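# Architecture and fold: a report
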Amino acid sequence: MKIRKLLATAGVAMALVIAVPSVASAAAKPSEFTDCMLKASELKTTTAQDNAANNCHKATSPILPALNEIVWGGIAFLIVAGVLLKFAFPALKKGLADRSAKIASDIAGAEAARAAAEAEAAEYQAKLAEARSDAGRIIEEARQSAEALRADLVARAEADAQGIRARASEEVQALTARALADLQGRVADLSIELAEKVVEHNLDHDTQIALIEGYINSVGTSGG
Amino acid sequence: MLAALFSHGISELFSWKPFLFGGTPFAFNKVALLALVSTVMCSFLFIGGSRKRALVPSGIQNVAEAGYELVENSIGVEVMGEQDGRKWAPFLAALFFWIFFINIWEVIPGIQFPATSRIAIPMYLALQTWIIFIVVGFKAQGPKYVFNSIFPPGVPKFLYVLVAPIELVSIFIVRPFSLAVRLFANMVAGHVLLTVFTLMCIELLKANSGAYQIAIIPLPFFMLVAMTGFEILVAVLQAYIFTILTAVYVGEALHPAH
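Residues numbered from 1 in each chain as written. Chains lettered and ligands numbered in written order. Predicted model: local features only at pLDDT ≥ 70, side-chain atom pairs only at ≥ 80, totals over all residues.

### A look at the overall build of chain A
Spelled out, the test is: Strands are runs of DSSP state E lasting at least two residues, helices are runs of H or I lasting at least four, and both sets are numbered from the N terminus onward. Neighbour counting defines burial: a residue surrounded by 20 or more other C-beta atoms within 10 Å of its own C-beta is buried, one with 12 or fewer is exposed, and intermediate counts give partly exposed, using backbone-placed C-beta atoms.
A count of helices and strands for chain A gives six helices and zero strands. For chain A, with 224 residues in total, the buried portion stands at 9%.

Here it is, written out as structure tokens:
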């Protein structure tokens, strides 16, 4: 691509050099010289013609300014300075100043917006921290109340169990006592029956009971 | 070689016959035409550039704004200070761009002649700068301007014997000449160089009689291309130098110890 561009540039430059050598055209058109020589040839004497022809070969001094070029150069510069200073540059400067002001204003606005956003973000952060703290506190409270509830339930269950155990024990004791009473009654009856069969006579009932209970008590005492 | 190329004298490169108002002080020739066309182009560039008010500049607006800011910041403010630099920037920008436009014709195909290679325009501009800085000096410093200029502060008093005449000549006599001759001579040299290499190419093409010319033609052609690029740089540089020196002279005239 670079080579192509280089070749194209060289081609264009070469074409320009060959086709429009206007710098060379100045050399190719010695109009002033021709005019000068023609004027010299019109002189009467040969010496004058020679002198004039020699003068034609002399270059005009490039140091001496041409009045017409000073005049036109001055006019051209004064026009451009006038136009630019009057019309172009004030508008250009105003445009630049307006843009600077707008950019400064935009930057100030952006700074303010950034500060506001930062404040808002800080506020959100604070609220978030507060919410987190609240949530922690609530969880802790819930945990504590759950713990208290659990302890309460456990205590109540233990108390209930204790009551149940106590009642069961009482019932067992009552049942035991009743069974013992029943057993005593039964043993007494059996003993009476047995004694009656042994002695083949009947003791009155109260005597029998007293006898049996005395016997059982003696058995209980000796057995216990 | 030069004699062969310029058989009728080197002046034929620079002398242009008038095609309007011949024989009068308003004789209108190629130099005058280029000066006026430069004026028109310069005006179009900046008026066109200042009419668009896009926030993000592009095209002609970009060129005009960047160009103006370049002169304002790197010449005006840099040399004359913030306040004076911005105040004088429009004049300096007009000067810079007009000289640039008038110089750049040197490499424009079909024209290939910088109007500043004639002494008239550099001399006019130099005299204009000379008058401006002297008027500004008297306006800013009053009658002491000349005294302040030729007796610069900070110099040992015994050296004023040497310094004062040198400053007098350099500031009030040499400056306009050096300004004019610098611009004029650079543009003349560039124009002659381009012409020499162009004519060498043409003459070698005309006289092509074998391998010898074919082998040699690329040399002047390469130089022509290289010098064309170089002359674009010279056109900008000479405009910049003329403008920056104008800023220096006016700045000095505004402030004696500048």
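Alright, that's what it looks like, and here's the rest.
### As for the overall build of chain B
For clarity, the cut-off: Note on contacts: each residue gets a C-beta atom placed from the backbone, and two residues are in contact if those atoms are within 7 Å.
Scanning chain B from terminus to terminus reveals nine helices and zero strands. Mapped in sequence order, the helices and strands of chain B form the string α-α-α-α-α-α-α-α-α. Going through the 258 residues of chain B one by one, you find that 42% of them count as buried. Within chain B, counting contacts between residues at least 6 apart in sequence, those at least 24 apart form 60% of the total.

### With respect to the nonpolar core
Spelled out, the test is: Here, a nonpolar core denotes buried Ala, Val, Leu, Ile, Met, Phe, Trp, Tyr and Cys residues that are linked to one another through C-beta atoms within 7 Å.
A35, L92, A93, F96, W98 and I102 of chain B are the most contacted members of the largest nonpolar core, which has 64 residues in total. Going through the elements one at a time, α5 (67–199) of chain A together with α2 (30–51), α3 (59–80), α4 (82–104), α5 (120–141), α7 (160–206) and α9 (218–254) of chain B are the ones with two or more residues in this core. Here the element with the most residues in this core is α4 of chain B; it accounts for 14 residues. Excluding anything up to four places from it in sequence, F96 of chain B contacts V71, A239, Y240 and T243 of chain B. With seven residues, the next largest nonpolar core counts L194, L199, F221 and L224 of chain B among its residues.

### Here's the deal with unusual backbone geometry
Backbone geometry places Q112 of chain B, a non-glycine residue, at a positive phi of 45°. By the secondary structure assignment, Q112 of chain B is in the loop between α4 and α5.

### Observations regarding the packing of α2 of chain B against α4 of chain B
Residues and elements named next belong to chain B. Basically, it comes down to this: Each axis is a line fitted through C-alpha atoms, and for a helix only the stretch in contact is used; angles between axes span 0 to 180 degrees, taken between their N-to-C directions. Roughly parallel means an angle under 35 degrees; roughly antiparallel, over 145; roughly perpendicular, 65 to 115; everything else is oblique. Take the far helix as the reference: if the near one is turned anticlockwise from it by less than a right angle, the crossing is left-handed, and if turned clockwise, right-handed. Basically, the charged four are Asp, Glu, Lys and Arg, the nonpolar ten are Ala, Val, Leu, Ile, Met, Phe, Trp, Tyr, Cys and Pro, and anything else, Gly included, counts as polar.
Contact pair α2 / α4: the axes reach a minimum separation of 9 Å and the direction vectors enclose 130°. Relative to α4, the element α2 is oriented oblique. Where α2 crosses over α4, the two elements pack in a sense that is right-handed. Of α4, the residues touching α2 (which contributes L34, A35, S38, T39, M41 and C42) are F97, W98, F101 and I102. The class makeup of the residues in the contact of α2 with α4 is eight nonpolar, two polar and no charged.

### Side note on the confidence of the model for chain A
Residues and elements named next belong to chain A. Basically, it comes down to this: Along the chain, pLDDT gives the predictor's confidence residue by residue, from 0 to 100.
Residues of chain A with pLDDT of at least 70 account for 79%, and the chain-wide mean is 79. Within chain A, α5 carries the highest mean pLDDT (90), whereas helix α2 (residues 22–28) carries the lowest (39). This stretch, residues 9–29, has a pLDDT under 50; its non-local contacts, to residues over four places away or in other chains, come to 28 contacts.

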